[in-house]
Amino acid sequence: MLLTVGVLLLLAGVARALINPRFTPIDLAQQSTLIAQIRLTGSDSKGNVTAEVVRTLKGTAPKEKITLLFNPEDPSDHGKAIGNLIAKAGEGPALLFSATDENKQAAAFLHLAGNWIRGEAAGANSYRLNQVEQNGMESMQGTWARGTDMLILTMDYILTDPSPEVPVAVGCAWAQHKKIGKIEGKVFAAQAVDLAGTGICSLFVAAENGDRIFRFDAKDGDFHDVTPALKLASTSRRAAWGDFNGDGRVDLASWDGKALSLWLQQPDGTFTRTVARLGGEVNGEWLGLTVLDVGTEGKAGLLVSLPAAAALLVPRKDDSFEVLTLARPADKGPAAAGSCLIADFDGDGLPDILQPSGNASVFYKGQGKGRFAAGTRCDVNFGKGQSVAFAGDFAGTGRFDIFSAAADGCRLWHNRGGMKFDETFALTGEMPYSVVSGVRVMAGQTCDINNDGRQDVLLAYAEGTPMLFFNRGFRTFGKALQLTEENVIPETQEGQQAAVVEDFNGDGLQDMAVVLKGGDVLVFSQNDEEGEGRPCARVTLPLGKGFVGPLTVTGWADKRCLGAWSVTAGSAAALFACHEVGQILLKWQMPGGQPEEKKVILENKSIRLELGAGKAGKP
């Protein structure tokens, strides 16, 4: 059994405590004389558990075996609870801490199986385990809620970074919000799109009675409906943005429930419609429409998510599309229940496709140049019925995890590498007890709402206010109270049809656009009080040339991973941000190419980078 020796921290039950701002993991690390990883090696009927040190994170660990003492017959049931946790931990990770606690009293803590156990030194190389920490901000759960494996990574980060951060609050707030329009009829999606290639996104809303585009005008500081001026008359049930004719301008692919139309952007920024000619049948309800590279240089292809299968639309020279249906598993596999996800899930540098369903999913391994292997079953379970799902590097490991929300709840599948995923939603801090149960999630997104280089989560609900969860680092979240409490945004309590986070006004800060149940379109904006912007780099791929994407780009600030993002030409740019100016390192590898990297100096403004715009894939 693997255990980590640090301070003995143990959390019981589903995490329901608020974050303790007075005793954080940084305080714990500073006040610990010993933090070590241990391996349980045996136990006896008297409650003695022996362990050996595997790795010392801080201090000097004994070379002899460590003894953990507890009374399994304790009438208070603490002993039974401790024994159950030790049995539950099995060979999983654990941390042992010898430290002073939140009251500056000598203590020991053991963290294993996602829980804290409080104890004390009991002689040379011995520790007595007294009780499992219960829920509450003042318990050790308020210091770190769940995820022993992530606590180990957190301690490694704290002890090696010169200026570590483990946020206790989101650290930002809405300065203003305004209604920018109203949409009649059903709304299917809200998306951010960089129409002009300047790095500043407009808000696109797909709606049954006519799509709309809202653009921020810096001259008057307001948003305007520019749909008529752009001559866009689409009515999208499913929509995707990319360069479909290779002219270097972003176009709209729009499915209205009957046919696929391409709205091609002209040199003057307006759009003209052409009905897409498909060289095959694409039958059934389109559950999703996504842009991806299909091996046609500079021209984007499309992935259509269907209930029975998924189909690739590959551009031909005559501007029609070849239809390639992806091969299902031999047993047909589970029926699809949502839009496919596209990202490099197995870490080989090529985008893969994951088709969601209720009790399993289908994995199509990318082979490059728009080709995918026959589907195989994958254990990733997205939940019952249709789901909302998205990928993100929530643990900061450089691998894509998967978040899903369905009728029977939310799931967070942690990517261990090699297409091995563990469901870890119960080990994500405040999120498990903060999400709304029994209410349909209409939209979800990976974002970085506070520009701190940790990937956050947005959830929009059919009823009630939207929710934002800020990442404390390493797949542990807190509720962004300053952004999502009902007294902060009471207008949204009726529920939302769609929502999206993006910088819509070009100030480098993240905004939130929501379409309410009644059709009102609201934009919430943060305030740059010092007028200096935020240090961040926006990374994208060029239109009309090279690889369309998605391309995995990973950022680093010294030894801290800023996460991996999937970058696709025509989509909103990936955001790599830090709270302070300085140098970051971006890493990527074009399909068939060599690993590449670029040092970027972040200033108090947003910097836009196009990867692959020059020779040999150089930015």
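Quantities reported herein were computed from a predicted structural model and do not represent experimental measurements.

Enquirer: Is there a simple way to think about the overall build of the protein chain in this case?
Expert: Of the regular secondary structure elements, the protein chain holds 6 helices and 45 strands. Projected onto the principal axes, the alpha-carbon positions of the protein chain cover approximately 80 × 60 × 50 Å. Buried residues in the protein chain amount to 58% of all 619 residues. Taking all contacts inside the protein chain whose residues are at least 6 apart in sequence as the whole, residues at least 24 apart take part in 56%. For the protein chain, the exposed area adds up to about 24,100 Å²; of that, 48% sits on carbon and sulfur atoms. Between the mean site of the 60 positive side-chain charges and the mean site of the 72 negative ones, the protein chain shows a separation of 4 Å.

Enquirer: How do you make sense of the domain arrangement of the protein chain when you look at a structure like this?
Expert: Interface size is commonly expressed as the accessible surface area that is lost when the partners come together. Annotation of the protein chain at the domain level lists domain 1 (25–160), domain 2 (173–527) and domain 3 (536–610). Each of domain 1 and domain 3 has a C-alpha centre, and the two are 39 Å apart.

Enquirer: What is the right way to look at the pairing of strand S30 (residues 409–417) in this model?
Expert: For a regular strand, side chains alternate in direction, first toward one face of the sheet and then toward the other. Across the 9 residues that make up S30, a large majority, 7, are buried. Examined bridge by bridge, strand S29 (residues 401–406) and S30 share 5 bridges and lie antiparallel to one another. Bridge assignment links Ala405 to a residue of S30, and that residue is Cys410. Two successive antiparallel strands, S29 and S30, enclose a turn made up of 2 residues. In the sheet, S30 pairs with strand S31 (residues 420–423) via 4 bridges, with the strands oriented antiparallel.

Enquirer: Please explain helix H3 (residues 148–160) as it appears in this structure.
Expert: An α-helix turns once every 3.6 residues. As a result, residues three or four positions apart point the same way. The terminal C-alpha atoms of H3 lie 19 Å apart, and with 13 residues this matches the ideal 18 Å at 1.5 Å per residue to within 8%. Three or more residues of H3 are buried, namely Thr148, Asp149, Met150, Leu151, Ile152, Thr154, Met155, Tyr157 and Ile158.

Enquirer: What exactly am I supposed to notice about the packing of aromatic side chains here?
Expert: Think of a pair of aromatic rings as described by two things: how far the centres are apart, and how the planes are tilted against each other in angle. A full pass over the atoms with the stated rule returns 11 aromatic pairs. For the pair Tyr157 and Phe474, a centre-to-centre distance of 6.0 Å together with 55° between the ring planes defines the contact as tilted. Separated by 317 residues along the polypeptide, Tyr157 in helix H3 and Phe474 in the loop between strand S34 (467–471) and strand S35 (477–479) bring together distant segments of the chain. Seen from their ring centres, Phe403 and Phe425 are 6.2 Å apart, and the 75° between their planes marks the pair as edge-to-face. Residue Phe403 is located in strand S29, and its partner Phe425 is located in the loop between S31 and helix H5 (431–434); the two are separated by 22 residues in the primary sequence. For Phe403, a relative accessible area of 0% corresponds to the buried category. Three or more aromatic residues joined by ring pairs make a cluster, and in this case those are Phe97, Phe109 and Trp116.

Enquirer: Got a minute to help me understand the sheet that holds strand S40 (residues 551–557) in this structure?
Expert: Two pairing modes exist for strands in a sheet, parallel and antiparallel, and in both the strands are linked by backbone hydrogen bonds. The 4 strands lie next to each other as S41-S40-S43-S44, forming an open sheet whose pairing is antiparallel. Two strands bound the open sheet, and with one partner strand each, they are strand S41 (560–567) and strand S44 (596–602). For this sheet the average axis-to-axis angle between neighbouring strands, irrespective of direction, equals 25°. Here S40 pairs with strand S43 (residues 582–588) via 4 bridges, running antiparallel. Its bridge partner lying in S43, Trp556 is registered against Leu585.

Enquirer: I tried to follow the nonpolar core on my own but got confused; where do I start?
Expert: The nonpolar side chains of soluble globular proteins are, as a tendency, buried together. With 24 residues, the main nonpolar core has Leu68, Ile86, Leu110, Ile117 and Leu129 as its most contacted residues. Of all the elements in the fold, those that place two or more residues in this core are strand S2 (32–43), strand S3 (48–58), strand S4 (66–69), helix H2 (78–89), strand S5 (94–100), strand S6 (106–112) and strand S8 (126–132). By size, the runner-up hydrophobic cluster in this structure holds 23 residues, among which are Trp565, Val600, Ile607 and Leu611.

Enquirer: What is the right way to look at the side chain of Glu502 in this model?
Expert: Relative to the helices and strands, Glu502 is located in strand S36 (residues 496–502). Exposure remark for Glu502: the relative accessible area of 5% places this residue in the buried category. Within the structure, the side chain of Glu502 is placed 2.9 Å from the side chain of Arg538, a separation counted as a polar contact. Not counting chain neighbours up to four residues away, the residues in contact with Glu502 comprise Ala192, Cys201, Gln510, Asp511, Arg538 and Ala572.

Enquirer: Could you clarify how one ought to interpret the state of the cysteines in this entry?
Expert: Within the structure shown, the criterion is met by 0 disulfides. Just so you know, Cys201 is unpaired, no disulfide at all, and the nearest cysteine sulfur is the one on Cys536, 12 Å from it. A disulfide-free cysteine, Cys447 has its sulfur positioned 9.7 Å from the sulfur of Cys172, the nearest such atom. Cys447 sits in the buried class, given a relative accessible area of 3%.

Enquirer: Looking at this model, I keep getting lost on the environment of Ala122. Mind explaining?
Expert: As for its position among the elements, Ala122 is in the loop between strand S7 (115–121) and S8. Judged by its relative accessible area of 33%, Ala122 falls in the partly exposed class. Separated by 256 residues in sequence, Ala122 and Cys378 place their C-alpha atoms 47 Å apart. Those residues in contact with Ala122, other than ones at most four positions away along the chain, are Leu69, Tyr127 and Arg128.

Enquirer: Honestly, the pattern of salt bridges in this entry has me stumped. Any pointers?
Expert: Side-chain pairs of opposite charge can arise where the charged atoms are in close proximity. According to the stated counting rule, one finds 24 salt bridges in the structure shown. Notably, a salt bridge pairs Asp319 with Lys299, separated by 3.7 Å at the nearest N-O pair. With Asp319 in the loop between strand S20 (310–315) and strand S21 (321–325) and Lys299 in the loop between strand S18 (288–292) and strand S19 (301–305), this pair connects stretches of sequence that are 20 residues apart. For Lys299, a relative accessible area of 18% corresponds to the buried category. Taken together, the shared-partner salt bridges connect Asp149, Arg416, Asp422 and Arg475 into one network.

Enquirer: Please explain the environment of Leu509 as it appears in this structure.
Expert: Positionally, Leu509 belongs in the loop between S36 and strand S37 (511–516). Leu509 sits 190 residues away from Asp319 along the chain, and the two C-alpha atoms are 39 Å apart.

Enquirer: Looking at this model, I keep getting lost on unusual backbone geometry. Mind explaining?
Expert: Leaving glycine out, the prevailing phi sign among residues is negative, and the prevailing peptide bond configuration is trans. The peptide bond linking Gly549 to Pro550 adopts the cis configuration, its omega dihedral lying at 5°. In this structure, Asp558 takes a positive phi of about 60° despite not being glycine. Taking relative accessible area as the criterion, Asp558 reaches 56% and is therefore assigned exposed.

Conventions adopted
Residues numbered from 1 in each chain as written. Predicted model: local features only at pLDDT ≥ 70, side-chain atom pairs only at ≥ 80, totals over all residues. Heavy atoms only, no water. Helix = DSSP H or I, 4+ residues; strand = E, 2+ residues; numbered from the N terminus. Buried < 20%, exposed > 50% of the residue type's maximum accessible area, 1.4 Å probe, protein only. Contact = heavy atoms within 4.5 Å. Areas by Shrake-Rupley, 256 points an atom, 1.4 Å probe, with all protein chains shown as cover. Lys, Arg positive; Asp, Glu negative; His and termini not counted. Charge placed at Lys NZ, Arg CZ, Asp CG, Glu CD. Domains from an automatic or database assignment. Pairing = 2+ DSSP bridges. Expected span 1.5 Å × (residues − 1). Phe/Tyr/Trp six-rings, centres within 6.5 Å; stacked < 30°, edge-to-face > 60°. Axes fitted to C-alpha atoms, helices over the stretch in contact; angles between N-to-C directions. Core = buried A, V, L, I, M, F, W, Y, C linked by side-chain atoms within 4.5 Å. Polar contact = N/O pair within 3.5 Å; in protein donor to acceptor, adjacent residues only side chain to side chain. Disulfide = S-S within 2.5 Å. Salt bridge = Lys/Arg side-chain N within 4 Å of Asp/Glu carboxyl O.

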